[in-house]
Amino acid sequence: MFHPLPVIPKTFKDRVIAPSLLAADFSRIGEETTRAINAGADWMHMDVMDGHFVENISFGPAVIQAVHETNDVFLDVHLMISRPDHYLARFISAGSDLITVHVEADHDVKETLGRIREAGCLAGLALNPATPIEAVEPYLDQIDLLLCMTVVPGFGGQAFMPEVLEKIKAAAAFREARGLEFHIEVDGGIDAKTAALCAAAGANVMVAGSSTFGAADMKEAVRAIREA
Ligand code: DX5
Ligand code: ZN
């Protein structure tokens, strides 16, 4: 099913705030998404986990579809799964706007990225903290977004890993040197303080779970990350 491209295209020069649904109240996913949009979220970050690629299981295409049908919001889908190629069609038809796959997963990265774009979605590539930037270097001209994980994926609420900042700087340098325009996204332990460090290193898309959904005032938390 062809999925129209995102309505409000953002460039890598724009700060994008993407609250992670992983930190929301799973008994009220539709309302929680609406709460995030009303708090100023630009995108919704959907953390899909298969219990194999990461040590946790979250949700699948049915939840993406439910959010897509109940809220008009850009869906930034992060597949922390071993076989993104095998499940790709279901995430596309569920209404994903951007699909990010891991370079470490068990698939043909180039082929998967090509399929995502052929379907009319934006294509993202993610790498874990321990994975060197060289692992994604061959694909930088085939992506719309590079996700530099700032925690070991699997759980929200972990501590930010500052050693990833060097990798973010290297990714921004590659982007500049090659005249590319991919977003640089960070995910894990992001709040106003760590967002400022990541932005200074070259990141623009801030995924935040516990620091937004867990905040007493979500609107203020989103604003603080945007201004950081
Ligand atoms: C991978 C997940 C988490 C989540 C963000 O584990 O992707 O990083 O989105 O969690 P917080 O913002 O609570 O660290
Ligand atoms: Zn994520």
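Being a predicted model, the structure only gives us computed values, none of them experimental.

Observations concerning the site of ligand 1
Around ligand 1, the surrounding shell holds 18 residues, and the nearest of these are D47, G154, G189, G209 and S210. Within the side chain of D187, an N or O atom sits 2.8 Å from an oxygen atom of ligand 1. For ligand 1, an oxygen atom lies 2.4 Å from a polar atom in the side chain of S210. Contact with the protein chains covers 99% of the free accessible surface of ligand 1, which is 370 Å². Listing elements by their share of the shell around ligand 1, those giving two or more residues are β2 (43–49) and β8 (205–208). Considering only residue class, the shell around ligand 1 consists of eight nonpolar, eight polar and two charged.

Notes on the pattern of salt bridges
Taken as a whole and judged by the stated rule, the model has ten salt bridges. D42 is paired through a salt bridge with R226; the nearest N and O atoms lie 3.0 Å apart. With a gap of 184 residues between them, D42 in the loop between α1 (29–38) and β2 and R226 in helix α8 (residues 218–227) connect regions that are remote in the sequence. Sharing partners across several salt bridges, the network here consists of D25, R28, E32 and R35.

A look at the nonpolar core
Of all hydrophobic cores here, the largest spans 63 residues; its most connected members are L146 and I168. The element that contributes the greatest number of residues to this core is helix α5 (residues 164–178), accounting for five residues. Among residues more than four places away in sequence, those in contact with I168 are C148, I184, V186, C198, A201, G202 and A203. Counting 13 residues, the second largest nonpolar core, distinct from the first, contains A18, L122, L145 and V205.

A few points about the environment of H107
Tracing the chain through its elements places H107 in the loop between β4 (98–102) and α4 (109–118). Sequence separation between H107 and M49 is 58 residues; the distance between their C-alpha atoms is 16 Å. Those residues within four positions of H107 in sequence are excluded, and the remaining contacts are P84, D85, V101, H102 and T112. Within the structure, the side chain of H107 is placed 2.7 Å from the side chain of T112, a separation counted as a polar contact.

Describing the packing of α5 against helix α6 (residues 192–201)
Direction vectors running N to C along α5 and α6 enclose 35°, while the axes themselves pass 8 Å from each other. Here L165, I168, K169 and A172 of α5 come into contact with α6, specifically with L197, C198 and A201. Split into classes, the residues belonging to the contact of α5 with α6 amount to six nonpolar, no polar and one charged.

Structural notes on helix α3 (residues 84–93)
Of all the positions in α3, only P84, D85, L88, F91 and I92 are classed as buried. The arc enclosing the buried residues of α3, seen along the axis, measures out at 95°, which places them on a common side. The secondary structure elements touched by the buried residues of α3 are β2, α2 (61–70), β3 (74–80), β4 and α4. Positive backbone phi, at 110°, marks G95, one or two positions downstream of α3.

Conventions used here
Note on numbering: residues in each chain are counted from 1, in written sequence order. Chain letters start at A and ligand numbers start at 1, both assigned in the order the entries are written. This being a predicted model, a pLDDT of at least 70 is required before a residue's local features are given, and a value of 80 or more before pairs of side-chain atoms are given or counted; all residues contribute to the totals for chains, interfaces and linings. Where side-chain values are given, they derive from all heavy atoms of the structure, hydrogens and water being excluded. Neighbouring residues are identified by heavy atoms, a residue being near a molecule or strand if any of them is within 4 Å of it. Throughout this description, a polar contact denotes any pair of N or O atoms lying within 3.5 Å of each other; where both atoms belong to protein, one of them has to be capable of donating a hydrogen while the other can accept it, and for residues adjacent in sequence the pair is counted only when both atoms sit in side chains. Here, Shrake-Rupley sampling with a 1.4 Å probe gives the accessible areas, and only protein chains in the shown set may cover a residue. The secondary structure listing takes helices from DSSP runs of H or I that are at least 4 residues long and strands from runs of E that are at least 2 residues long, numbered from the N terminus. Gly falls in the polar group here, along with every residue not listed as nonpolar (Ala, Val, Leu, Ile, Met, Phe, Trp, Tyr, Cys, Pro) or charged (Asp, Glu, Lys, Arg). By definition, a salt bridge exists where a carboxyl oxygen of Asp or Glu is found within 4 Å of a side-chain nitrogen of Lys or Arg. Think of a nonpolar core as a cluster: buried Ala, Val, Leu, Ile, Met, Phe, Trp, Tyr and Cys residues, connected wherever their side-chain atoms sit within 4.5 Å. Only protein chains enter the area calculation, which uses a 1.4 Å probe; residues under 20% of their type maximum are buried, those over 50% are exposed, and those in between are partly exposed. Only heavy atoms enter the contact rule, under which two residues are in contact if any of them lie within 4.5 Å. Simply put, an axis is a line fit to the C-alpha atoms, just over the touching stretch for a helix, and the angle between two N-to-C directions goes from 0 to 180 degrees. Comment: arc refers to directions from the helix axis out to C-beta atoms.

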